[in-house]
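# Observations on the model geometry
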Amino acid sequence: MLQSVEALLDPVLDASVREEWARLVEAGLPSQARHTGASNAPHVTLAVAERIGADADARLAGAVPADLPTLRLGGVLVLPGRPGRCVLARSVVVSAGLLDLHARVLDVVGDEPGVLGHVRPDAWTPHVTLAQRLDVGLLPAALSALADVEREREGRVAGVRRWDPEAQETWLL
């Protein structure tokens with residue numbers, strides 16, 4: 001199972017994303033709100049690997065700066081999924097602070113087994129997932145459900161966490 005390092009959103013941004021999740025549910029569409037596990041929270045994935053070892057975990061805490069960056073959510077983003085499906089997300093506007101946080105995390109995790117290519121600096125698209133496995137035919141309905149949502153919102157990264165789905169644990173760094 002894939003393990004990850006994730007930037008969590010401050011309470012205001014978290015609530016705004018959860019509202020978007022709820023709008024999709026109200027429209028009868030796929031939504032991250034339907035994932036009721038304790039680990040489900042709006043986040044920006046910074047790194048993903050097949051395994052993140054104990055040595056990397058020990059170094060990650062020191063890699064996260066005390067002053068976490070500003071985070072600005074942008075427009076709706078459609079990412080490719082399996083054939084006929086897509087991922088609906090809120091884009092995250094890249095900032096120097098976010099790029100620095102990403103680089104710090106990858107400096108630690110980058111050599112771990114099975115780091116996925118889409119989190120590498122030249123391929124990373126920072127985003128907050130709204131819905132996975134959305135049938136492309138439902139995309140107009142999903143966009144309509146989100147049509148009157150404020151497009152850009154700014155807050156901060158509230159913390160950085162590790163997620164280990166095998167152990168079913170998350171913890172703050």
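So, a few notes on the structure that sits alongside this text.

Definitions and limits used
- Residues numbered from 1 in each chain as written.
- Predicted model: local features only at pLDDT ≥ 70, side-chain atom pairs only at ≥ 80, totals over all residues.
- Heavy atoms only, no water.
- 1 Å grid on protein atoms, 1.4 Å probe; cavity = no way out; pocket = protein on both sides within 12 Å on 5 of 7 lines; lining within 4 Å.
- Points joined across faces, edges and corners; volume = space filled by probe spheres on them.
- Helix = DSSP H or I, 4+ residues; strand = E, 2+ residues; numbered from the N terminus.
- Core = buried A, V, L, I, M, F, W, Y, C linked by side-chain atoms within 4.5 Å.
- Buried < 20%, exposed > 50% of the residue type's maximum accessible area, 1.4 Å probe, protein only.
- Salt bridge = Lys/Arg side-chain N within 4 Å of Asp/Glu carboxyl O.
- Pairing = 2+ DSSP bridges.
- Contact = heavy atoms within 4.5 Å.

When its volume is computed, the largest pocket comes out at roughly 1100 Å³. In terms of lining, the largest pocket is formed by 36 residues, of which the most central are His 43, Thr 45, His 127, Thr 129 and Gln 132. Looking at the lining of the largest pocket, the elements that each hand over two or more residues are β1 (3–9), β2 (43–49), β3 (70–80), β4 (85–93), β5 (127–135) and β6 (153–164). If one sorts the elements of the lining of the largest pocket by residue count, β5 sits on top with five residues.

Bringing the nonpolar core into the picture now. Judged by nonpolar contacts, the single largest core of 44 residues is most densely connected at Val 5, Leu 24, Leu 88 and Val 109. Sorting elements by how many residues they give to this core places helix α3 (residues 96–109) first, with six residues.

In this section: the pattern of salt bridges. Following the criterion strictly, the structure yields 10 salt bridges and no others. Here Arg 90 ties to Glu 20 by a salt bridge, and the two come within 2.9 Å at their closest N and O atoms. Here the residue Arg 90 occupies a position in strand β4, and Glu 20 occupies one in helix α1 (residues 11–26), the gap between them amounting to 70 residues. For Arg 90, a relative accessible area of 0% translates into the label buried. Given a relative accessible area of 0%, Glu 20 falls into the buried group. Residue Asp 67 pairs with Arg 156 through a salt bridge whose shortest N-O separation is 3.2 Å. Residue Asp 67 is located in the loop between α2 (54–63) and β3, and its partner Arg 156 is located in strand β6; the two are separated by 89 residues in the primary sequence. Looking at Asp 67, the relative accessible area reads 61%, which means it is exposed. Its relative accessible area of 35% is what places Arg 156 among the partly exposed residues.

Before going further, it helps to examine the pairing of β1. The buried fraction of β1 amounts to seven of the seven residues, a majority that puts the element mostly inside the structure. Going residue by residue along β1, you find Gln 3, Val 5, Ala 7 and Leu 9 tucked away on one face and Ser 4, Glu 6 and Leu 8 tucked away on the opposite face as well. As defined by bridge partners, β1 adjoins β2 across six bridges and the pair is classed as antiparallel. The residue bridging Ser 4 from the neighbouring strand is Val 48, located in β2. As paired elements, β1 and β6 share six bridges and run antiparallel to each other. Of the residues in β6, the one forming a bridge with Val 5 is Arg 162.

Another aspect to go through is the environment of Leu 143. In this structure, Leu 143 sits in helix α4 (residues 139–145). The exposure class assigned to Leu 143 is partly exposed, which follows from its relative accessible area of 38%. Placed 137 residues apart in sequence, Leu 143 and Glu 6 show a C-alpha to C-alpha distance of 26 Å. The residues touching Leu 143, leaving out its near neighbours within four places in the chain, are Val 76 and Leu 88.

The quantities given are spatial measurements derived from coordinates; they are silent on function.
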